[in-house]
Amino acid sequence: MHKRKTVAGIKGMKKAGEKITMLTAYDAAMAAMLAEADVDVLLVGDSLGMVVLGYDSTVPVTMDEMIHHASAVRRGAPAAFVVGDMPFGSYQSGKRDAILNGGRFLKEAGCDAVKLEGGLEVCTTVTALVQAGIAVIGHIGLTPQTATQLGGYKVQGRDVESAHKLVEEARALEKAGAFALVLECLPDELGRILTEEISIPTIGIGAGVHCDGQVLVTHDLLGMFDTFIPSFVKSYCKLAPTIKDAVAEYNREVRSGTYPDKEHSFSSESNLRELLGS
Ligand code: KIV
């Protein structure tokens, strides 16, 4: 088992020039595999909604759904650093709701920290959470919960004005007490600038190689979708065709009566039929 990470340890990785790996997890089995593979941080992302629950955006995901899955991740990976993603509507209504919901991730699901999307508008909430004892990761750039306001799922910070705004937001979130910052879908040069501008680690997703760490949706990394795959995603294997082939073979064997064979069946007294008198 790998040693459990801490907030200080994760911040220290930036100072030591060690890259941080973060991946999403939504269930115990996957969390156990990722932890065994020595992933630094497991994110129970609200991407849960699209990846696992079949919603067409992250907006409908509820706190109860997040807690349900974050608890499973914690049970699967007892020693991992687990981050719960605050879903849409769980923190926008004020500091009190943010603390109550952020607190649920720690108390009910055993998370180590929470993540929330937004820039200047969430800074007072971030401070309130940190003062309440809840460690926070910020998330700027493309923020999927408000993607429609950003003109859809597209690269942010391409012009000077929006790049400048992102620099301001990164500085403000650091000052507000966030201990790390997710940067989503930015030009890699802006990823480099933001990483140099702040002393807390940046964790990029589509934000280039200069970030202090990287995060991906695990199902994307494993090639479990063969429909839409964002261009920044590298699929390290292609599980979708492997799974479909395995299931097709199972279908064939069940339908032809070749599964289960002797090797996959339990034996009994050879004269069981006689003994039962049937
Ligand atoms: O919900 C999620 O999976 C995320 C990551 C993609 C950063 O927020």
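Since this is a predicted model, take the numbers as computed values, not measurements.

S.K.: What should I look at first to understand the site of the ligand in this one?
M.R.: Near the ligand, the surroundings consist of Thr24, Leu43, Gly45, Asp46, Ser47, Asp85, Lys115, His139 and Ile205. At a separation of 2.5 Å, an oxygen atom of the ligand approaches a polar side-chain atom of Ser47. One of the side-chain N or O atoms of Lys115 is found 3.0 Å from an oxygen atom in the ligand. Compared with its free state, where it exposes 250 Å², the ligand has 95% of that area covered by protein. Along the lines of polarity and charge, the residues of the shell around the ligand split into 2 nonpolar, 4 polar and 3 charged.

S.K.: What is the right way to look at the nonpolar core in this model?
M.R.: Nonpolar side chains in soluble globular proteins tend to be buried together. Counting 56 residues, the largest nonpolar core has Leu42, Phe105, Leu116, Val126, Leu173, Leu181 and Leu183 as its most contacted members. Ranked by residue count, the leading element in this core is helix H7 (residues 160–176), at 6 residues. Each residue touching Leu181, except ones within four places of it in the same chain, is listed here: Ile137, Gly138, His139, Ile140, Ala170, Leu173, Ile198, Ile200, Pro201, Thr202 and Ile203. The next biggest cluster of nonpolar side chains, apart from the first, holds 17 residues, and it includes Ile20, Met22, Ile137 and Ile205.

S.K.: Explain the packing of helix H2 (residues 28–36) against helix H4 (residues 63–76) to me, please; I cannot follow it from the model alone.
M.R.: Where H2 contacts H4, the two axes come as close as 7 Å, and the packing angle between them is 45°. In this view, H2 runs oblique relative to H4, as classed from their interaxial angle. Like other packed secondary-structure pairs, H2 and H4 cross with a definite hand, here right-handed. Across the interface between the two elements, Ala28, Ala31 and Ala32 from H2 touch Ala72, Val73 and Gly76 from H4. A class-by-class count of the residues in the contact of H2 with H4 yields 5 nonpolar, 1 polar and no charged.

S.K.: Honestly, the pattern of salt bridges in this entry has me stumped. Any pointers?
M.R.: Opposite charge on two side chains permits them to pair, given that their charged atoms come into close proximity. Enumeration according to the criterion identifies 11 salt bridges in this entry. We note a salt bridge from Asp40 to Lys5, for which the minimum N-O separation is 3.1 Å. With Asp40 in the loop between H2 and strand S2 (41–44) and Lys5 in the segment before helix H1 (7–15), the pair connects residues that are 35 residues apart, well separated along the chain. Accessibility expressed as a relative area gives 10% for Asp40, which makes it buried. Owing to a relative accessible area of 25%, Lys5 belongs among the partly exposed residues under this scheme. For Glu197, the salt bridge identified is with Arg171, shortest N-O distance 2.9 Å. In this pair, Glu197 is assigned in helix H8 (residues 188–197) and Arg171 in helix H7, connecting sequence segments 26 residues apart. Its relative accessible area of 37% is what places Glu197 among the partly exposed residues. Among the charged side chains, a network of salt bridges with common partners joins Arg4, Arg74 and Asp112.

S.K.: Please clarify how a nonpolar patch on the surface should be interpreted in this entry.
M.R.: A grouping of Tyr250, Val254 and Tyr259 is seen on the molecular surface, where their side chains present a nonpolar patch of about 290 Å² in accessible area. Taking the relative accessible area as the measure of exposure, Val254 reaches 39% and is therefore partly exposed.

S.K.: Any chance you could explain the packing of aromatic side chains here in plain terms?
M.R.: The way to describe two aromatic rings as a pair is by their centre distance and the angle between their planes. Across all of its chains, the model carries 2 aromatic pairs by this definition. Ring plane angle 70° and centroid distance 6.1 Å describe the contact between Phe81 and Phe179, whose orientation is recorded as edge-to-face. Residue Phe81 is located in strand S3 (residues 81–85), and its partner Phe179 is located in the loop between H7 and strand S6 (180–184); the two are separated by 98 residues in the primary sequence. Both residues of the pair, Phe81 and Phe179, belong to the buried class. Summarising the aromatic geometry, the rings of Tyr250 and Tyr259 are spaced 6.2 Å apart at their centres and angled 55° between planes, so their arrangement reads as tilted. Given a relative accessible area of 36%, Tyr259 falls into the partly exposed group.

Conventions used here
- Residues numbered from 1 in each chain as written.
- Predicted model: local features only at pLDDT ≥ 70, side-chain atom pairs only at ≥ 80, totals over all residues.
- Heavy atoms only, no water.
- Near = heavy atom within 4 Å.
- Polar contact = N/O pair within 3.5 Å; in protein donor to acceptor, adjacent residues only side chain to side chain.
- Areas by Shrake-Rupley, 256 points an atom, 1.4 Å probe, with all protein chains shown as cover.
- Nonpolar A, V, L, I, M, F, W, Y, C, P; charged D, E, K, R; others polar.
- Core = buried A, V, L, I, M, F, W, Y, C linked by side-chain atoms within 4.5 Å.
- Buried < 20%, exposed > 50% of the residue type's maximum accessible area, 1.4 Å probe, protein only.
- Helix = DSSP H or I, 4+ residues; strand = E, 2+ residues; numbered from the N terminus.
- Contact = heavy atoms within 4.5 Å.
- Axes fitted to C-alpha atoms, helices over the stretch in contact; angles between N-to-C directions.
- Parallel < 35°, antiparallel > 145°, perpendicular 65-115°, else oblique.
- Left-handed = near helix turned anticlockwise from the far one by under 90°.
- Salt bridge = Lys/Arg side-chain N within 4 Å of Asp/Glu carboxyl O.
- Patch = residues over 30% accessible without salt bridge, like charges linked within 9 Å, V, L, I, M, F, W, Y side chains within 5 Å.
- Phe/Tyr/Trp six-rings, centres within 6.5 Å; stacked < 30°, edge-to-face > 60°.

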